[in-house]
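# Examining the three-dimensional arrangement
What follows is each chain in one-letter form.
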Amino acid sequence: MLLDCAAMDVTAILDKLNPAQEEAVTSDQRHVLVLAGAGSGKTRVLVHRIVWQVQVENISPHAILAVTFTNKAAREMRERIDQLLGMSLRGMWVGTFHGLAHRLLKAHWRDVGLPENFQILDSDDQLRLVKRVMRALELDEQRWPPRQAQWWINAQKDEGLRSAHIQDSGDVQLATMLRIYREYEASCDRLGVIDFAELLLRALELWRHHPQVLAHYQERFQHVLVDEFQDTNAVQYAWLRLLVGSVCRVTAVGDDDQSIYGWRGAKVENILSYERDFEPTHTVRLEQNYRSTSNILKAANAVIEKNADRLGKKLWTDSGDGEMVALYAAFNEHDEARYIADRLHQWVNDGQRRDEAAILYRSNAQSRVLEAALLQAEIPYRIYGGQRFYERLEIKNALAYLRLMLNVDDDTAFERVINIPARGIGERTQDTIRQTARGANTTLWGACVELIATNGLPGRAKNAVAGFLGLIEDMSLGSDALKLIEQAETAIERSGLIDLYRREKGERGLARVENLEELVAACGNFQPEHAEQPILPQFLDQVALDAGDRQADEDQDAVQLMTLHSAKGLEFPLVFLAGMEENLFPHKMSLDEPGRLEEERRLAYVGITRAMQKLYLTFAECRSIYGSESYNSVSRFVRDIPSDVLEEVRLQNTITRPTSYAAGALSSDLGDDTGFALGQLVCHPMYGEGVILNFEGHGPRARVHVQFEEVGTKILILDSARLSAV
DNA sequence: AAGGCAAATGTTTTT
DNA sequence: CATTTGCCTT
C-alpha cells in the first residue's frame, strides 16, 4: 500500500522535470550542489527534492530545514510545496537565515546571554546607537562618519569577527573603528538588543559554545536545503557546516553568475568550497532555460561571458529566437520615462496584462521620474523596495509606543518617543536621564522614576517627564486584555502621534496618517503563530524581521517597478532596463575595483534574464543628478550585446505622438532646415525651457515635439511657436 | 524647549 | 534636488 502510493507519487514528482533536474531531485549522493542558471528551474528542483525526500525517502517533514534569503522566497517555497503535495507540510522549518537564527535565539536565549525579550535593531536603530557611542567617545563625526563605522562593524560581523578578535595594529583608522566597535558591543549587551549581523553571529556561537544544543539540531535535521547559495556569507557558511555534522545531508542551489550581494559580505567562493567541505558531493548543472527567448539569452550570455571568474555555464533554450532586444536612446530621463510609459500603453492596448511588465533600474532614485511618467499616462504601477514600510519614521514611532506598552524598560523605544510628539523633554533633560540611568545602572524608565522621586529635575522638566511616564502607564493599563488592533489604536491615538501627523502639512503628513492607518489594519490582519500566547510580542518580533513588503493591493493589475537587486528570482514577459548608462550602470562607485565591476556585470545579467518575451534597454544621454546635469555614454553592458540580437529603436518611429499624426508624418533626423537640432535646449515664451524631442516635416511648417520642464510634452508648429535657442 | 530658517551635505544595491 | 542638520530666534 505504502509502496503503491510512493510509486504513484514518483511519477507526479518527476513528471515535469528534465534529465538534469531529475538527477538533482533524486540524487542519493550525500550532498548535492545544483549550479542553476537563470530560469533553469532551480526553485522547482528544490521544491521537488523536498517532496521527494518526504514521499519517497520517507523523511519526516520535521527533519527538513529549508533556508532562503528573503521572506518572499520562503513563502513561495512553502506555497509551491503545498501545491505539489496538495496539502500542507507540518513541522518543516522553512525560513530566512535571519528568521531561523531569531528562532534559535528565542529558544536558547539563556545560553547566548540575551534577555528573554531581546529586541532587534534595524539599520536605522543601529546607526542611532553607533552615533550615540561615538558621541560618548567624543569622536568627531566629520572625521569619522558614523555610517562608515556602522558599515565597518557590520563587515566585521559578517566575517565572524568580534572586536576581541581584531588586532589593533596601531593604524589610527583601525584603532578608532575598533574602539567604536567595542563600545558598540558593550552598549548592545547593556541594552539587550542585537542587530541583523549579530543575529547570525550569535546563532553561530550558540552552536559553537553549546555542543549539546548543536547535537540536538544535528539529530533533528536530516536534510538541509539552501537556496541562493551564492549569497551566503562567512557566518552563514560556518553555521551550515556546524549543523551538518556527520549524518545530515545538504542540497545547495545557486548560481555564481547571479552573485550580487558581495557588498554585504556574500561569498561566491562558498560555492567553490562546497565540494571540498561537503563531501561527497554530486554536482549538477542546470543550463536549459525555460524562461527567455533565444535572443534574450544570447544577450545575457554575451554580457556575462566577459567576466573572468566564473564556474562557466552557458544557458540555452529550445524556444525560438523571439523578438529582438530593443535599445532606445533617450535625450534625458524624462524622455526615457515617457518612452517606457508609451510602450506600456501599447502593451496594454494589445490586450496584455500590466503586471506582466516590469521596469528595472539600478538605484531607487531612478523611480521618481518613472513614477511621474506612469502617473501622467494613467498606468497603474506598484513599486517595490525603496523605503520599507516598517522602517518609516511614523511606523517606527508607533511601534516604539507599542513596545513601551509591553515593556517600559525598552530603552531603545523609550528614547525614540520620549519627546515625540514634543512634550517639553529636550536634549538637556534627556541627557540627565541617560546619565542617571548609567550611574544607577538602571534603565531610562528607572532613571526617570528615580529623578522624580529625588527631585533631580527642574520643575518644568519634572512635570513633563512625569506626564510621559503617566501616559505610558495609562496606555498599558489593561491593554493586554485588548485585541492587537485596539492596542495599536491606543498607541497612535493616545500618544498623540496621529494628531501630530494630521497637523503636519502637505502630502507628507497625509501619507504618514495613511501609513499609520495601514499599520492598524496590519494589526487587524495579523495571525499569531501561537494563539495561546500574548499577541503583541509576537507581532513586534515578526515586524522586526519582515520589511512589510507585501502590499495591500497585491492583486491589482499594475506594472511593477523595482531595483535590479530586488528583481532577482522573478520573471516577466516584458522587461525594461532603464538607465543603461556608464556611471549609473555600472555605477561609478564600482568602477575602480575589478571585483565590483564584475558584480555590476552579474547584475546586468540578472536584469536581462528576467525577461521572457521582450526586453527593452533604455538610456538617457543627459540625466539630472543632484540637480546638475550629467552626460553619460551608453553602458558597456549594452555594447557587449551582439548586434544581431539588438535593434536600435529609431527615434522618429517611436516618439509619442497622437496617432492621427503618425500616419502621414515625415520625420527628419536632424531638423537641418529648421535651425534647431534634436535634443537642443530651447525656450518658449509661455511654456519655458524644454528639450526638442522630434521633428515632423520640414522647414518653417515642421511640427516640433518639445518636452518642457514645467508642462510636459507639447507639439508645436515651428514658425508660430516662437522658440529660441538657450 | 520649540520652531523656523539657512546652510550643508549626501545617495548603490538590503536581510 | 531634497532631505537632513545646525543655528538662530522666540
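Heads up: these notes are all about the structure in this document.

### Here's the deal with the overall build of chain A
For chain A, the helix and strand inventory stands at 30 helices and 21 strands. Here chain A has a C-alpha radius of gyration of 29 Å; the compact-globule value for 726 residues is 27 Å, and the two agree. Overall size of chain A, expressed as C-alpha extent along the three principal axes, is 85 × 75 × 55 Å. Sequence separation of at least 24 residues holds for 74% of the intrachain contacts in chain A that already meet a minimum separation of 6. Carbon and sulfur atoms make up 49% of the accessible area of chain A, which totals about 33300 Å². Taking the 81 positively charged and 106 negatively charged side chains of chain A as two groups, their mean positions are separated by 3 Å.

### Brief notes about a negative patch on the surface
A cluster of like negative charges, contributed by Glu507, Glu514, Glu517 and Glu518, occupies part of the molecular surface. In this fold, Glu514 is placed in helix α23 (residues 506–525). Residue Glu514 is classed as partly exposed on the basis of its relative accessible area, which comes to 48%.

### Structural notes on the protein's contact with DNA strand B
Phe69, Arg362, Arg388, Gly424 and Tyr626 are the nearest of the 28 residues found near DNA strand B. Among atoms of DNA strand B positioned within 4 Å of the protein, sugar and phosphate together represent 58%. In the environment of DNA strand B, a phosphate oxygen lies 2.5 Å from a nitrogen or oxygen atom belonging to the backbone of Gly424. Thr563 is positioned with one of its side-chain polar atoms (N or O) 3.1 Å from a phosphate oxygen of DNA strand B. For the surface near DNA strand B, the secondary structure elements donating two or more residues are α18 (427–440), α25 (564–567) and α26 (594–608). Residues belonging to the surface near DNA strand B are distributed by class as follows: eight nonpolar, 12 polar and eight charged.

### Remarks on unusual backbone geometry
Cis geometry marks the peptide bond from Ile420 to Pro421; its omega dihedral reads -5°. Along the chain, Pro421 falls in the loop between α17 (411–417) and α18. The linkage connecting Phe585 with the following residue, Pro586, adopts the cis geometry, with an omega of 5°. If you trace the backbone, Pro586 turns up in the loop between β13 (572–577) and α26.

### Considerations on helix α10 (residues 211–220)
Among all positions of α10, only Val213, Leu214, Tyr217 and Arg220 are buried. The buried residues of α10 occupy an angular sector of 125° when projected down its axis, which confines them to one face. Turned more than 90 degrees from where α10 packs its buried face, Pro211, Gln212 and Glu219 sit exposed. For α10, the elements touching its buried residues are β3 (93–96), α5 (97–107), α9 (196–209) and α11 (234–244).

### Here's the deal with the protein's contact with DNA strand C
Taken together, Lys131, Arg508, Tyr626 and Gly627 make up the full set of residues adjacent to DNA strand C. Here the surface near DNA strand C is built from residues that sort into one nonpolar, one polar and two charged.

### Some remarks on the pattern of salt bridges
A side chain with one charge may pair with a side chain of the opposite charge, provided their charged atoms come close. One pass over the full model with this rule turns up 52 salt bridges. A salt bridge links Glu57 to Arg249; the nearest nitrogen and oxygen atoms lie 3.3 Å apart. Taken together, the residues Glu57 in the loop between α3 (42–55) and β2 (64–68) and Arg249 in strand β7 (residues 249–254) connect sequence positions 192 residues apart. Taking relative accessible area as the criterion, Glu57 reaches 29% and is therefore assigned partly exposed. For Arg249, a relative accessible area of 14% gives the class buried. Across the pair Glu582 and Arg636 runs a salt bridge whose closest N-O atoms are separated by 2.7 Å. Taken together, the positions of Glu582 in the loop between β13 and α26 and Arg636 in helix α27 (residues 636–639) put the pair 54 residues apart, joining distant regions of the chain. Residue Arg636 is classed as partly exposed on the basis of its relative accessible area, which comes to 25%.

### Observations regarding the pairing of strand β6 (residues 223–226)
When a strand is regular, its side chains alternate between the sheet's two faces. Of the two faces of β6, the one lined by His223 and Leu225 and the one lined by Val224 and Val226 are each fully buried. Summarising the sheet, β2 and β6 pair through four bridges and their orientation is parallel. Bridge assignment links Leu65 to a residue of β6, and that residue is Val224. As defined by bridge partners, β6 adjoins β7 across four bridges and the pair is classed as parallel. Across the sheet, Leu225 pairs through a bridge with Thr251, a residue of β7. Following the backbone out of β6, through α11 and into the adjacent parallel β7, one traces a crossover that is right-handed.

### What to know about the packing of helix α14 (residues 333–349) against helix α15 (residues 367–376)
Following both chains from N to C, one finds α14 and α15 inclined at 45°, their axes separated by 8 Å at the closest point. Our classification of the angle between α14 and α15 gives oblique. For the pair α14 and α15, the crossing hand works out as right-handed. Here Glu333, His334, Ala337, Arg338, Ile340, Ala341 and Leu344 of α14 come into contact with α15, specifically with Val369, Leu370, Ala373 and Leu374. By residue class, the composition of the contact of α14 with α15 is eight nonpolar, one polar and two charged.

The rules behind each value
- Residues numbered from 1 in each chain as written.
- Chains lettered and ligands numbered in written order.
- Predicted model: local features only at pLDDT ≥ 70, side-chain atom pairs only at ≥ 80, totals over all residues.
- Heavy atoms only, no water.
- Helix = DSSP H or I, 4+ residues; strand = E, 2+ residues; numbered from the N terminus.
- Rg over C-alpha atoms; globule rule 2.2 N^0.38 Å.
- Contact = heavy atoms within 4.5 Å.
- Areas by Shrake-Rupley, 256 points an atom, 1.4 Å probe, with all protein chains shown as cover.
- Lys, Arg positive; Asp, Glu negative; His and termini not counted.
- Charge placed at Lys NZ, Arg CZ, Asp CG, Glu CD.
- Patch = residues over 30% accessible without salt bridge, like charges linked within 9 Å, V, L, I, M, F, W, Y side chains within 5 Å.
- Salt bridge = Lys/Arg side-chain N within 4 Å of Asp/Glu carboxyl O.
- Buried < 20%, exposed > 50% of the residue type's maximum accessible area, 1.4 Å probe, protein only.
- Near = heavy atom within 4 Å.
- Polar contact = N/O pair within 3.5 Å; in protein donor to acceptor, adjacent residues only side chain to side chain.
- Nonpolar A, V, L, I, M, F, W, Y, C, P; charged D, E, K, R; others polar.
- Arc of directions from axis to C-beta.
- Pairing = 2+ DSSP bridges.
- Right-handed = clockwise from strand over helix to strand, strands pointing away.
- Axes fitted to C-alpha atoms, helices over the stretch in contact; angles between N-to-C directions.
- Parallel < 35°, antiparallel > 145°, perpendicular 65-115°, else oblique.
- Left-handed = near helix turned anticlockwise from the far one by under 90°.

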